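# What the coordinates show
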Amino acid sequence: MYVLTIDQRGSTSDVDRVPELLADLGSYPGVRFERSVGDEVQGVLQDPALVVDVALQALRSGHWYVGIGVGPGSLPPGASPREGSGPAFVAARRAVERAKSAASHVPAAVVAGSRDREAAVACANAEAVLRLVGGLVQSRTEAQWRVVDALRGKSGAATEQGPGRHGRQKQVARELGITEQSVSRAVLRSGWQEEWAARPAVEMLLATAHRLILEHAPPGTQDGDDNRGEA
């Protein structure tokens, strides 16, 4: 499983943004995120493509630290993420804490829920590419986001979208009341194509790490440490 722990940045001097984030994440079917403690949100996913999409959605606003834990875990069907336990939950706690130390970088981290060296390398590589893509996402202007969001709305499921074909760009230009050339420039300057070219790399690395961890996991690790990652 993939456990995401998302903590608000500068929460002591800002409004509570958890309700807004939960509303945004509520648009993903079959995905359950909840406030875990304070200004923190937690969720459990099984699909690496959705992990990437959720992480980038959180990074978009610049208000969140994103920690991703990869590995085995225990969560009864229909249970709250707060009831989960195991290495993936502990890894997510470590990841969000590491994201907080990345002051000069995109605040996202990926940590393996095992000591497997190959899995750790895959997680480190996933983190590196995720930060590169996150940098593109965070640097977009409001005008570029209007174009990107409109293109996403015409591209089907979140996990099946691409950079926007010519026909879609033409439709978006009409709907936004701008020229097709303006749409093309926004797509180019926003890094939209680069984002969608890089997303599969992050997904593949997350899936590889997950596979390696499960292959080498000793029996009983799913019922290990609690989800807070405390001793």
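Only a predicted model underlies this, so the values are computations on that prediction, with no experimental measurement involved.

## A closer look at the pattern of salt bridges
Overall, the coordinates contain 17 salt bridges when judged by the stated rule. In this structure, Glu97 engages Arg93 in a salt bridge whose closest nitrogen and oxygen atoms are separated by 3.7 Å. Of the two residues, Glu97 and Arg93 are both situated in helix α3 (residues 87-100); the distance of 4 residues between them amounts to about one turn of the helix. Glu195 is paired through a salt bridge with Arg140; the nearest N and O atoms lie 2.6 Å apart. Of this pair, Glu195 sits in helix α8 (residues 192-216) while Arg140 sits in the loop between α4 (117-138) and α5 (142-153), and the two are 55 residues apart along the sequence. A residue is classified by how much of its surface remains accessible, and Glu195, at 2% relative accessible area, is buried. With a relative accessible area of 7%, Arg140 lands in the buried category. Within this structure, Asp7, Glu40, Arg93, Glu97 and Lys100 form a network of salt bridges that share partners.

## Considerations on the sheet that holds strand β4 (residues 64-70)
The sheet built from 5 strands is open, its strands ordered β2-β3-β1-β4-β5 with mixed pairing. Two strands lie at the open edges of the sheet, namely β2 (33-35) and β5 (108-112), each paired on one side alone. If you compare each strand with its neighbour and ignore which way they point, the axes differ by 20° on average. Examined bridge by bridge, β4 and β5 share 5 bridges and lie parallel to one another.

## Concerning the packing of α5 against helix α7 (residues 180-190)
α7 packs onto α5 with a crossing angle of 100° between their chain directions and a minimal axis gap of 9 Å. Classified by the angle their axes make, α5 and α7 are roughly perpendicular. Along its contact with α5, which presents Gln144, Val147, Val148 and Leu151, the element α7 presents Val183, Ala186, Val187, Arg189 and Ser190. Partitioned by chemical class, the residues of the contact of α5 with α7 number 6 nonpolar, 2 polar and 1 charged.

## Considering the packing of helix α2 (residues 48-60) against α4
Where α2 contacts α4, the two axes come as close as 9 Å, and the packing angle between them is 45°. One element, α2, and the other, α4, form an angle in the oblique class. Two packed elements cross with a definite hand, and for α2 against α4 that hand is right-handed. Contacts between α2 and α4 involve Ala55, Leu56, Leu59 and Arg60 on the former and, on the latter, Leu130, Val133, Gly134, Val137 and Gln138.

## Here's the deal with the confidence of the model for the protein
Here the protein shows a mean pLDDT of 86. Residues at 70 or above account for 88%. Here residues 157-161 is modelled with pLDDT under 50, and outside its nearest four sequence neighbours on either side it reaches 11 contacts, counting other chains as well.

Reading the values: rules and limits
Residues numbered from 1 in each chain as written. Predicted model: local features only at pLDDT ≥ 70, side-chain atom pairs only at ≥ 80, totals over all residues. Heavy atoms only, no water. Salt bridge = Lys/Arg side-chain N within 4 Å of Asp/Glu carboxyl O. Helix = DSSP H or I, 4+ residues; strand = E, 2+ residues; numbered from the N terminus. Buried < 20%, exposed > 50% of the residue type's maximum accessible area, 1.4 Å probe, protein only. Pairing = 2+ DSSP bridges. Axes fitted to C-alpha atoms, helices over the stretch in contact; angles between N-to-C directions. Parallel < 35°, antiparallel > 145°, perpendicular 65-115°, else oblique. Contact = heavy atoms within 4.5 Å. Nonpolar A, V, L, I, M, F, W, Y, C, P; charged D, E, K, R; others polar. Left-handed = near helix turned anticlockwise from the far one by under 90°. pLDDT = per-residue confidence, 0-100.

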